[in-house]
Amino acid sequence: MSDTQKDMILKTVGLAKRYGGVHALEDANFELKAGEHVAIVGDNGAGKSTFVRQITGVEQPSAGEIYFDGEKVEFKSPIEARDCGIETVFQNLALADDLDVPSNLFLGREERYFNLGPFSILNERKMLAHAQDALRTTGVKIPDLRNKIRNMSGGQRQCVAISRAASFASKLIIMDEPTAALGVQETAQVENIIRTLKSRGIPLILISHNLRQVFDLVDRIWVFRRGRIVGAVDRSKTDGNEIVSLITGVKAAVDAPDFA
Ligand SMILES: Nc1ncnc2c1ncn2[C@@H]1O[C@H](COP(=O)(O)OP(=O)(O)O)[C@@H](O)[C@H]1O
Ligand SMILES: [Mg+2]
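Residues numbered from 1 in each chain as written. Chains lettered and ligands numbered in written order. Predicted model: local features only at pLDDT ≥ 70, side-chain atom pairs only at ≥ 80, totals over all residues.

## Some remarks on the overall build of the chain
In step 1: Of the regular secondary structure elements, the chain holds 10 helices and 10 strands.
In step 2: Within the chain, counting contacts between residues at least 6 apart in sequence, those at least 24 apart form 67% of the total. (Helix = DSSP H or I, 4+ residues; strand = E, 2+ residues; numbered from the N terminus. Contact = placed C-beta atoms within 7 Å.)

## Observations regarding the pairing of strand β3 (residues 37-41)
In step 1: Counting buried residues in β3 gives 5 out of 5 residues, a clear majority hidden from the surface.
In step 2: Across 4 bridges, β3 lies against strand β8 (residues 204-207) in parallel orientation. Note on β8: the bridge partner recorded for Val 38 is Ile 205.
In step 3: Note that β3 and strand β9 (residues 220-225) share 4 bridges and pair parallel. Among the inter-strand pairings, Val 38 is bridged to a residue of β9, identified as Arg 220. (Buried ≥ 20, exposed ≤ 12 C-beta atoms within 10 Å, placed from the backbone. Pairing = 2+ DSSP bridges.)

## As for unusual backbone geometry
In step 1: Phi is positive for Asp 69, which is not a glycine, with a value near 55 degrees.
In step 2: For Glu 177, which is not glycine, the phi dihedral falls at a positive 50 degrees.
In step 3: Among the secondary structure elements, Glu 177 is positioned in the loop between β7 (172-176) and α8 (184-199).

## Let's talk about helix α7 (residues 154-168)
Because each turn of an α-helix spans 3.6 residues, side chains separated by three or four positions end up pointing in the same direction.
In step 1: In a regular helix each residue adds 1.5 Å, so 15 residues correspond to 21 Å; α7 covers 22 Å between its end C-alpha atoms and thus fits that length.
In step 2: Of all the positions in α7, only Arg 157, Gln 158, Cys 159, Val 160, Ala 161, Ile 162, Ser 163, Arg 164, Ala 165 and Ala 166 are classed as buried. (Expected span 1.5 Å × (residues − 1).)

## Details of the environment of Leu 15
In step 1: Among the secondary structure elements, Leu 15 is positioned in strand β1 (residues 8-19).
In step 2: Put simply, Leu 15 and Phe 51 are 36 residues apart on the chain and 8.3 Å apart in space, counted from C-alpha to C-alpha.
In step 3: Excluding residues that lie within four positions of it along the chain, Leu 15 makes contacts with Leu 25, Ala 28, Gln 54, Pro 61, Gly 64 and Ile 66.

## Description of the sheet that holds strand β5 (residues 71-73)
In step 1: Reading across the sheet, the 4 strands line up as β2-β1-β4-β5 and stay open at both edges, with antiparallel pairing between neighbours. Edge strands, defined here as strands with exactly one partner in the open sheet, are β2 (22-33) and β5. Direction aside, neighbouring strands of the sheet carry axes that sit 25 degrees apart on average.
In step 2: In terms of strand pairing, β1 meets strand β4 (residues 63-68) through 5 bridges, oriented antiparallel. Directly across from Leu 10, in β4, lies its bridge partner Phe 68. (Axes fitted to C-alpha atoms, helices over the stretch in contact; angles between N-to-C directions.)

## Notes on the sheet that holds strand β10 (residues 228-234)
Sheet strands pair by backbone hydrogen bonding; their relative direction is either parallel or antiparallel.
In step 1: Taking strand neighbours across the sheet as the criterion, the 6 strands line up as β6-β7-β8-β3-β9-β10 in an open arrangement whose pairing is mixed. Of all the strands in the sheet, the pair left with one neighbour each is β6 (86-89) and β10. Each strand axis lies, on average, 15 degrees off the axis of its neighbour in the sheet, ignoring direction.
In step 2: Contacting β3, β6, β7, β8 and β9, helix α2 (residues 48-55) crosses the sheet at an angle of about 150 degrees to β7.

## As for the environment of Val 73
In step 1: Structurally, Val 73 is set in strand β5.
In step 2: A residue is classified by how many C-beta atoms lie within 10 Å of it, and Val 73, with 18 of them, is partly exposed.
In step 3: Put simply, Val 73 and Gly 57 are 16 residues apart on the chain and 9.6 Å apart in space, counted from C-alpha to C-alpha.

## Comments concerning the site of ligand 1
In step 1: If you check the shell around ligand 1, you find Tyr 19, Val 22, Ala 24, Gly 42, Asn 44, Gly 45, Ala 46, Gly 47, Lys 48, Ser 49 and Thr 50 and nothing else.
In step 2: Mapped onto the shell around ligand 1, the elements with two or more residues apiece are β2 and α2.
In step 3: Counting residues per element, the shell around ligand 1 draws most heavily on α2, at 3 residues.
In step 4: Per-class residue counts for the shell around ligand 1 are 4 nonpolar, 6 polar and 1 charged. (Near = placed C-beta within 6 Å. Nonpolar A, V, L, I, M, F, W, Y, C, P; charged D, E, K, R; others polar.)

## Some words on the packing of α7 against α8
A packed helix pair is summarised by two numbers, namely the angle formed by the two axes and the spacing between the axes.
In step 1: At a minimum axis separation of 10 Å, α7 and α8 run at an interaxial angle of 5 degrees. Comparing their axes, α8 and α7 come out roughly parallel. Along its contact with α7, which presents Gly 155, Cys 159, Ile 162 and Ala 166, the element α8 presents Glu 186, Gln 189, Val 190, Ile 193 and Leu 197.
In step 2: Considering only residue class, the contact of α7 with α8 consists of 6 nonpolar, 2 polar and 1 charged. (Parallel < 35°, antiparallel > 145°, perpendicular 65-115°, else oblique.)

Structure below.
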């Protein structure tokens, strides 16, 4: 393995996904380096969420290969991806309405951490403590953690999901439009969580329509259009106009050999 390969956290080669006759993703060659924060931008229907579902085991690609942390991977489920250190905040949140914050933070993980059978109720205290910890590190303020998720605002729910991901992510975190439904303050909070992840060296893929946010936060911007990657540009070497031109197709593609 070459040096450049060693620094690569995620790489996809010719990744594709078809739904019946719809080519949602075609020939996607994507790369993410260690510690790098990147954005994926593109119009609605460009294939961004589809891409996320292929690399996180939610769906199986129709073609192509995925390399994660130096190994070829074929995740059969999101749990497999998570076990490899990938945390994802999906566009459609997976939070359980009738559970409180600690239970949601540990959703699907309870067994691994607290396999005590009939005594597992004792661990509620431990889960609450960890939840408080997780929210403290991310700076998210939720008045009563025992409140059921159902009774929380959209912003609070989203912050719980992001805290959950941020506190468990070890190798990669993916956020699909994390602030699309948030107010100004909540958006700022999420952006702070992202900066903390950067300082912890955890790579990030951020899907966002908010170009101000993208330019504030990431090192590199990947543009998707109609299921294809049409550009990957360093933040410092581009501007909003170029990105918008790529998104809309006014500008065909940059780095032609890779993105023909
Ligand atoms: N489960 C599905 N079945 C059929 N078509 C789908 C499915 N999921 C996504 N698509 C189609 O794939 C394309 C890409 O969608 P998506 O990945 O959600 O785009 P984005 O996240 O960039 O808005 C769209 O044309 C969408 O309608
Ligand atoms: Mg989407």
